[in-house]
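Read off the chains here:
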Amino acid sequence: MTKSPLFGFLLLLLFIVIALAANVTVATPIPQQFKEAPQFYNSPDCPVIVDGDESDGEDSSILCSDQAVHVAMTLDKAYIRGSMAAILSVLQHSSCPQNIAFHFVASAAANASLLRATISSSFPYLNFRVYSFNDASVSRLISTSIRSALDCPLNYARSYLANLLPLCVRRVVYLDSDLVLVDDIAKLAATPLGDNSVLAAPEHCNANFTAYFTPTFWSNPSLSLTFANRKPCYFNTGVMVIDLDRWRDGDYTTKIEEWMELQKRMRIYELGSLPPFLLVFAGNIVPVDHRWNQHGLGGDNFRGLCRDLHPGPVSLLHWSGKGKPWARLDANRPCPLDALWAPYDLLQTPFALDS
């Protein structure tokens with residue numbers, strides 16, 4: 001049977017499509033557009049950080065300066081709206097916003113150029129760099145948890161900051177993307193870490209610490225002695241001050257990975273990236289005032305119900321848990337405290353734009 005010219009054309013077209021698919025990665029647009037944020041300037045008493053050249057092979061910019069406040073966050077399409085609000089809140093309440101260096105960690109599978117352009121369009125003056133995180137480096141270690149969002153490899157990037165950021169960055173404030181600051185981040189960044197501590201975070205010693213690990217863990221004669229010489233308390237890993245030099249010297253990434261490897265062999269916890277941090281650090285951190293992480297505003301990990309603030313002053317509001325303020329606002333079902341997040345929302349329109 002003789003094939004028609006149309007058949008040949010369609011066959012050629014199919015080969016072209018296959019070839020393009022094999023050689024070209026089509027970028028998936030970020031389904032939101034954001035407004036440009038106002039520019040914020042240093043107060044007169046801020047130290048002047050002068051960018052040097054890199055002719056000596058070393059980065060002498062603000063991104064490497066000991067005088068800068070270094071902030072690390074993850075960056076992805078799903079949480080980009082929260083990240084934009086968090087960045088704005090940090091800058092707006094800083095006395096020296098031009099001295100803040102942002103270090104964003106994005107999945108190697110993400111379109112880093114698109115994420116970089118999105119940040120630059122809203123914050124054209126921002127000091128930042130995007131680092132690529134290889135999901136495969138941690139995917140093999142991740143065990144399923146009680147909420148699928150906690151199993152995202154990027155959720156574990158905080159354990160690899162010492163490897164990802166340049167050696168010149170010695171101290172960093174790690175922030176989740178579902179929070180806003182209402183105070184100067186320099187105060188948090190200046191937390192004294194003493195002679196030996198690796199990190200600082202608000203502790204919650206009234207929390208039921210045993211609930212973060214399974215009966216299998218506590219019934220094991222060896223594992224149950226993990227905290228024998230410590231007074232462990234729960235702390236939320238969404239806000240931490242980390243001494244990266246001490247982290248590197250102590251090889252704490254390997255220590256966290258060893259607990260994750262054990263979790264693959266025997267179920268010792270149910271939550272994602274938090275328990276390994278508790279196993280390694282709980283009882284050995286510098287406690288920070290609770291005002292720096294009013295967490296849990298997203299409710300629990302199952303229903304995301306509304307919650308009130310903890311008693312006391314507030315410097316940082318954190319919507320940890322299932323419910324995120326942008327999602328609840330879009331659904332016209334906001335919690336009362338979501339109104340405190342809304343002023344930092346840079347979304348251009350109330351509708352997500354389809355690609």
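As a reminder, the structure under discussion sits directly above these lines.
The structure displayed is predicted, hence computed values, not measured ones.

Enquirer: Looking at this structure, I do not really get the overall build of the protein chain. What am I missing?
Expert: On a plain count of helices and strands, the protein chain comes out with 11 helices and 11 strands. Put simply, the protein chain has 355 residues, and 50% of those count as buried. Considering only contacts within the protein chain whose residues lie at least 6 apart along the sequence, 76% involve residues at least 24 apart. Summed over its atoms, the accessible surface of the protein chain is roughly 17400 Å², and 55% of this surface lies on carbon and sulfur atoms.

Enquirer: Explanation requested: the sheet that holds strand β10 (residues 286-287) in the structure shown.
Expert: Picture the strands of a sheet paired through backbone hydrogen bonds; they go either parallel or antiparallel. Spatially, 7 strands are ordered β3-β2-β1-β4-β9-β6-β10 in an open sheet, and the strand pairing comes out mixed. A strand with exactly one partner marks an edge of an open sheet, and here the two such strands are β3 (127-133) and β10. Two strands pair when backbone bridges link them, and strand β6 (residues 199-201) and strand β9 (residues 239-243) are joined in this way by 2 bridges, in the antiparallel orientation. Along β9, the bridge assignment pairs A200 with V241. Packed on one face of the sheet, helix α3 (residues 112-122) meets β2 (100-107) and β3 and runs near 160° to β3.

Enquirer: Could you clarify how one ought to interpret α3 in this entry?
Expert: Each α-helix turn comprises 3.6 residues. Residues three or four places apart therefore point the same way. Listing the buried residues of α3 in full gives L115, T118, I119 and S122. Angular distribution of buried residues about the axis of α3 spans 95°; they occupy a single face of the element. Packed against the buried residues of α3 are α2 (80-92), β2 and β3. The N-capping residue of α3, defined by a side-chain oxygen 3.2 Å from the backbone nitrogen of S113, is N111.

Enquirer: Please explain the packing of helix α9 (residues 252-265) against helix α10 (residues 274-281) as it appears in this structure.
Expert: When two helices pack together, you describe them by how their axes are tilted relative to each other and by the distance separating the axes. Two elements in contact, α9 and α10, have axes whose closest approach is 9 Å; the angle formed by their N-to-C orientations is 120°. Put simply, α9 runs oblique to α10. For α9 against α10, the interelement crossing comes out right-handed. Residue-level contacts link Y252, K255, I256, W259 and M260 of α9 to P276, F277, L279, V280 and F281 of α10. Of the residues contributing to the contact of α9 with α10, the split by class is 9 nonpolar, no polar and 1 charged.

Enquirer: What is the right way to look at the side chain of H70 in this model?
Expert: Take H70: it is sitting in strand β1 (residues 69-74). Taking the relative accessible area as the measure of exposure, H70 reaches 6% and is therefore buried. For H70, the side chain forms a polar contact with the main-chain oxygen of S65, separated by 2.7 Å. Within the local environment of H70, its side chain forms a polar contact with the side chain of H103, the two groups lying 2.9 Å apart. Not counting residues within four places of it along the chain, the set of residues in contact with H70 comprises I62, L63, C64, S65, A101, H103, V169, R171, V172 and V173.

Enquirer: Honestly, the state of the cysteines in this entry has me stumped. Any pointers?
Expert: Among covalent bonds in proteins, the disulfide is the one between the sulfur atoms of two cysteines. Inspection of every chain in the model, using the stated rule, returns 4 disulfides. The side chain of C46 participates in a disulfide bridge whose partner is C96; the two sulfur atoms lie 2.0 Å from each other. Disulfide C46-C96: the torsion about the S-S bond is -95°, which places it as left-handed. Taken together, the positions of C46 in the loop between α1 (5-23) and β1 and C96 in the loop between α2 and β2 put the pair 50 residues apart, joining distant regions of the chain. Comparing C46 with C96 shows no difference in burial state: the two are buried. A sulfur-sulfur distance of 1.9 Å marks the disulfide that ties C306 to C335. The chirality of the disulfide connecting C306 with C335 is left-handed, given an S-S dihedral of about -85°.

Enquirer: Looking at this model, I keep getting lost on α10. Mind explaining?
Expert: Most of α10 is tucked away, with 8 of its 8 residues classed as buried. All of the buried residues in α10 are L274, P275, P276, F277, L278, L279, V280 and F281. Tucked inside the fold, the buried residues of α10 contact β6, α7 (215-219), β8 (234-235), β9, α8 (244-250) and α9.

Enquirer: Explain the side chain of D184 to me, please; I cannot follow it from the model alone.
Expert: Its location among the elements puts D184 in the loop between β5 (179-181) and α6 (185-189). A distance of 2.6 Å separates polar atoms of two side chains, one belonging to D184 and the other to S95. Ignoring any residue separated from it by four or fewer positions in sequence, one finds D184 in contact with H93, S94, S95 and W292.

Enquirer: Can you walk me through the pairing of β2 in this structure?
Expert: Each regular strand shows side chains that alternate between the opposite faces of the sheet. Burial analysis of β2 places 8 of its 8 residues in the buried class, which makes it a mostly covered element. Residues I100, F102, F104 and A106 of β2 are buried on one face, and the alternating residues A101, H103, V105 and S107, pointing to the opposite face, are buried as well. Note: β1 against β2, 6 bridges, orientation parallel. Its bridge partner being in β2, A72 is matched across the sheet by H103. In this fold, β1 hands off to α2, which returns the chain to β2; that crossover is right-handed. Bridge analysis of β2 against β3 gives 7 bridges, and the strand direction is parallel. For H103, the partnering residue across the bridge sits in β3 and is R129. Remark: the β2/α3/β3 crossover connection has right-handed handedness.

About the criteria used
Residues numbered from 1 in each chain as written. Predicted model: local features only at pLDDT ≥ 70, side-chain atom pairs only at ≥ 80, totals over all residues. Heavy atoms only, no water. Helix = DSSP H or I, 4+ residues; strand = E, 2+ residues; numbered from the N terminus. Buried < 20%, exposed > 50% of the residue type's maximum accessible area, 1.4 Å probe, protein only. Contact = heavy atoms within 4.5 Å. Areas by Shrake-Rupley, 256 points an atom, 1.4 Å probe, with all protein chains shown as cover. Pairing = 2+ DSSP bridges. Axes fitted to C-alpha atoms, helices over the stretch in contact; angles between N-to-C directions. Arc of directions from axis to C-beta. Polar contact = N/O pair within 3.5 Å; in protein donor to acceptor, adjacent residues only side chain to side chain. Parallel < 35°, antiparallel > 145°, perpendicular 65-115°, else oblique. Left-handed = near helix turned anticlockwise from the far one by under 90°. Nonpolar A, V, L, I, M, F, W, Y, C, P; charged D, E, K, R; others polar. Disulfide = S-S within 2.5 Å. Right-handed = clockwise from strand over helix to strand, strands pointing away.

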